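# Observations on chain architecture
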Amino acid sequence: MSPKVGRPTDNPKPFRVNVRIDEKCEKILEKYCKQEDISKMEAVRRGIKKLEKDLTE
């Protein structure tokens, strides 16, 4: 058995999401990522977390 590859983490991210967006959303995402100096996926994670307050359950 081969050893695990990659960095150890205490917050694994096993789920993958593929999203198609329009040009306006892409520009907003790029601008936000540049402003905050983060990756697109980190920006998406932040956006998803902001949706939590709207949950009714």
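Residues numbered from 1 in each chain as written. Predicted model: local features only at pLDDT ≥ 70, side-chain atom pairs only at ≥ 80, totals over all residues. Heavy atoms only, no water.

## What about the packing of helix α1 (residues 23–36) against helix α2 (residues 40–51)?
Angle between the axes and distance between the axes are the two parameters that describe a pair of packed helices. Axis separation between α1 and α2 bottoms out at 9 Å; the angle between their running directions is 100°. Between α1 and α2, the interaxial angle falls into the category roughly perpendicular. Mapping the contact onto sequence places Glu26, Leu29, Glu30, Tyr32, Cys33 and Glu36 in α1 and Lys40, Ala43 and Arg46 in α2. In the contact of α1 with α2, the residues fall into 4 nonpolar, no polar and 5 charged. (Axes fitted to C-alpha atoms, helices over the stretch in contact; angles between N-to-C directions. Helix = DSSP H or I, 4+ residues; strand = E, 2+ residues; numbered from the N terminus. Parallel < 35°, antiparallel > 145°, perpendicular 65-115°, else oblique. Contact = heavy atoms within 4.5 Å. Nonpolar A, V, L, I, M, F, W, Y, C, P; charged D, E, K, R; others polar.)

## Brief notes about α1
For α1, spanning 14 residues, the distance from its first C-alpha to its last is 20 Å, which sits close to the expected 20 Å at 1.5 Å a residue. With a side-chain oxygen lying 3.3 Å from the backbone nitrogen of Lys24, the N-terminal cap of α1 falls on Asp22. Among the residues trailing α1, Asp37 stands out with phi positive, at a value near 55°. (Expected span 1.5 Å × (residues − 1). Polar contact = N/O pair within 3.5 Å; in protein donor to acceptor, adjacent residues only side chain to side chain.)

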